[in-house]
Amino acid sequence: MVIVDALIAFANWFWGIPLLLLCGVGGIVIGVYCGFPWFKHFGYVMSQTFGKMFSKSSGEGTVSAFAAACSALASAIGASNIVGVPVAIALGGPGAVFWIEIMAFIGMGTKFNEVVNAVAYRHQNDEGEYVGGPFYYLRQVGKEGSVLRKIGAICGSFFAFMLMIELIPSLAAQAASATQQGVAIGIPQIAIAIVVAAITAFTVIGGAKRVGEVCDKLVPIMAAFYLVGALIVIIKNAAMIPAAIGSIFRYAFTGHAAMGGFAGAAVSATLRWGLARGLYSNEAGFGTTCASHAGAVVDHPVRQGSWGVFEVFMDTTVVCTMTALVILTSGVWTEEGIETGALAQAAYNSVFGSFGLYFVAICVFLFVLSTMLACAFYGMKQAEFLFGVKFSRVWVWVYIAACIVGGMGIDLGVLYSLTDAFLGVIIIPNMIGLFLLLPKTKKLVNEYYNTPGKYYLADMAAKKGKK
């Protein structure tokens, strides 16, 4: 079809230099304007997230701050963290990992701003749930009654509609990935497709609270399971850690010559695959995970912004780095005859034997399932914003159907291309909106960190009092 071909051509063009400039350079601009509070107060940010995972949140909202962050992580942590990182190494060399980390540091600021605005401009729906995201904060661009405000409102509705549509091929692709993992260990496609669709329906129809309850249990368990397995492989290959880390820095600016089964990579390939994979991993600039954060019980938007930083840190700095070290220390990326998509399995097989196949399959399945739960929820919120709660309850069944159709086997290449095309279309208004909202965001940051007796200063005073 002409339309499908046009969308694929747009995706191939946009997911290169244009996207890296918009989200990469754009993320740096956001950081400079706001003064990088997520770096300046990094220890504090970690104490308010890692240090308060199981603490009760104070303020208004629908779910706890941790549950909201887990719902967001459910979307961000996906198969890309297990399969995408090895692909970046296979096509860009070890130096690609350096640029993945660079995009994590840039993405922390972008995600922080997205979350702050999602909470600052959220609303309560007809069922009392707090809802928000780009489709709400884009309507706050410019002054009341201005042309810019009207354009922002149009962009917000456009974002919501395009994301609502984008999630159809996205969920079908995720379901296809899930069933492929089941087939790899001998489970029939139809069984996996039905189970995935049923879990997704049960969770998402329960609303934000049920999504939060499921994700704040599923995400920590699946992440811990994967990280323990990765740690075992890395420890087994501990002697190779210094060389692996050295290669990440050494080849970030020089590319890598061909060796073994590695075909070699120029600096341009190292940059392209590292930056793109880092950006795709944490979704900073996409605006997709904001719907989860918007429901958090929190006393100030900037406090939840810290959970946005936590989200990127866990997704990219922790999970992607562990995957990279598994691949590099095991040496499978240089071996002959291993396809790029099978590098993760080869690395785990080298330590776990045949169980490595099952380990990777289980992890990918769990990561994909969590992503599907979050994405179906996001799509329902876009539908709710545009057409109301009742319509969203009907529209969610479109996503359930997509899960079943995708799970029964479909061309992943076309699905991913369509997904990338729609994502490209929604990233543009979201990033432009974040730029235009920077003065308001900076005002909120100053309020949080400089108000006597409140927020940051109150937390610091309480910390000193405990000593």
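Residues numbered from 1 in each chain as written. Predicted model: local features only at pLDDT ≥ 70, side-chain atom pairs only at ≥ 80, totals over all residues. Heavy atoms only, no water.

1. Some points on the overall build of the protein
Then comes step 1: Check the secondary structure of the protein and you find 21 helices and 2 strands.
Then comes step 2: Here the C-alpha atoms of the protein give a radius of gyration of 21 Å, agreeing with the 23 Å that 2.2 N^0.38 yields for 467 residues.
Then comes step 3: With respect to the three principal axes, the spread of C-alpha positions in the protein is 60 × 55 × 40 Å.
Then comes step 4: Across the 467 residues that make up the protein, the buried fraction comes to 58%.
Then comes step 5: Relative to all contacts within the protein whose residues are 6 or more apart in sequence, the contacts with residues 24 or more apart total 83%.
Then comes step 6: About 18,000 Å² of surface is accessible on the protein, with carbon and sulfur atoms providing 68% of the total.
Then comes step 7: Placing the 28 positive and 23 negative side-chain charges of the protein at their respective mean positions leaves the two points 12 Å apart. (Helix = DSSP H or I, 4+ residues; strand = E, 2+ residues; numbered from the N terminus. Rg over C-alpha atoms; globule rule 2.2 N^0.38 Å. Buried < 20%, exposed > 50% of the residue type's maximum accessible area, 1.4 Å probe, protein only. Contact = heavy atoms within 4.5 Å. Areas by Shrake-Rupley, 256 points an atom, 1.4 Å probe, with all protein chains shown as cover. Lys, Arg positive; Asp, Glu negative; His and termini not counted. Charge placed at Lys NZ, Arg CZ, Asp CG, Glu CD.)

2. Things to note about the confidence of the model for the protein
Then comes step 1: In the predicted model, the protein carries a mean pLDDT of 86, and the fraction of residues at 70 or more is 95%.
Then comes step 2: Per-element mean pLDDT across the protein ranges from 74 in helix α1 (residues 2-14) up to 95 in helix α20 (residues 438-450). (pLDDT = per-residue confidence, 0-100.)

3. Examining a nonpolar patch on the surface
Then comes step 1: A surface patch of nonpolar side chains, about 490 Å² in accessible area, is lined by Val147, Leu148, Ile151, Ile428, Ile432 and Leu436.
Then comes step 2: Elements that contribute at least two residues to the nonpolar patch include exactly α9 (147-184) and α19 (412-436).
Then comes step 3: Along the chain, Ile428 falls in helix α19.
Then comes step 4: On the accessibility criterion, Ile428 (33% relative accessible area) is partly exposed. (Patch = residues over 30% accessible without salt bridge, like charges linked within 9 Å, V, L, I, M, F, W, Y side chains within 5 Å. Salt bridge = Lys/Arg side-chain N within 4 Å of Asp/Glu carboxyl O.)

4. Observations concerning the pattern of salt bridges
Then comes step 1: Following the criterion strictly, the structure yields 8 salt bridges and no others.
Then comes step 2: Glu144 serves as the salt-bridge partner of Arg149, at 3.0 Å between the closest nitrogen and oxygen.
Then comes step 3: With relative accessibility at 69%, the residue Glu144 sits in the exposed group.
Then comes step 4: Ionic pairing is found between Glu384 and Lys381, a salt bridge with its closest N-O pair at 3.0 Å. Of the two residues, Glu384 and Lys381 both sit in helix α17 (residues 355-387), 3 residues apart, roughly one turn of that helix. Take Glu384 and Lys381: they sit in the same class, and that class is buried.

5. A look at α17
Then comes step 1: Spanning 33 residues, α17 covers 48 Å between terminal C-alpha atoms, matching the ideal 48 Å at 1.5 Å per step.
Then comes step 2: By the criterion of burial, α17 is predominantly enclosed, with 26 of the 33 residues buried.
Then comes step 3: Looking one or two places after α17, you find Gly388, whose phi comes out positive at around 100 degrees. (Expected span 1.5 Å × (residues − 1).)

6. Quick look at empty space enclosed by the protein
Then comes step 1: The full count for this structure, using the stated rule, is 2 cavities of 30 Å³ or more.
Then comes step 2: Quantified by volume, the largest cavity comes out at close to 50 Å³.
Then comes step 3: As for the largest cavity, its lining consists of Val63, Ser71, Ala208, Val211, Gly212, Ala291, Ser292, Gly295 and Phe377.
Then comes step 4: At the level of secondary structure, the elements contributing two or more residues to the lining of the largest cavity comprise α11 (207-236) and α14 (290-293).
Then comes step 5: The element that contributes the greatest number of residues to the lining of the largest cavity is α11, accounting for 3 residues.
Then comes step 6: Each pocket or cavity is described by its volume, and for the second largest cavity that value is around 40 Å³.
Then comes step 7: Trp15, Gly16, Leu19, Leu20, Arg272, Ala276 and Leu279 are the residues that line the second largest cavity.
Then comes step 8: Of all the secondary-structure elements, those providing two or more residues to the lining of the second largest cavity are α2 (17-34) and α13 (267-282).
Then comes step 9: No other element matches α13, which puts 3 residues into the lining of the second largest cavity.
Then comes step 10: A breakdown of the residues in the lining of the second largest cavity according to their chemical character gives 5 nonpolar, 1 polar and 1 charged. (1 Å grid on protein atoms, 1.4 Å probe; cavity = no way out; pocket = protein on both sides within 12 Å on 5 of 7 lines; lining within 4 Å. Points joined across faces, edges and corners; volume = space filled by probe spheres on them. Nonpolar A, V, L, I, M, F, W, Y, C, P; charged D, E, K, R; others polar.)

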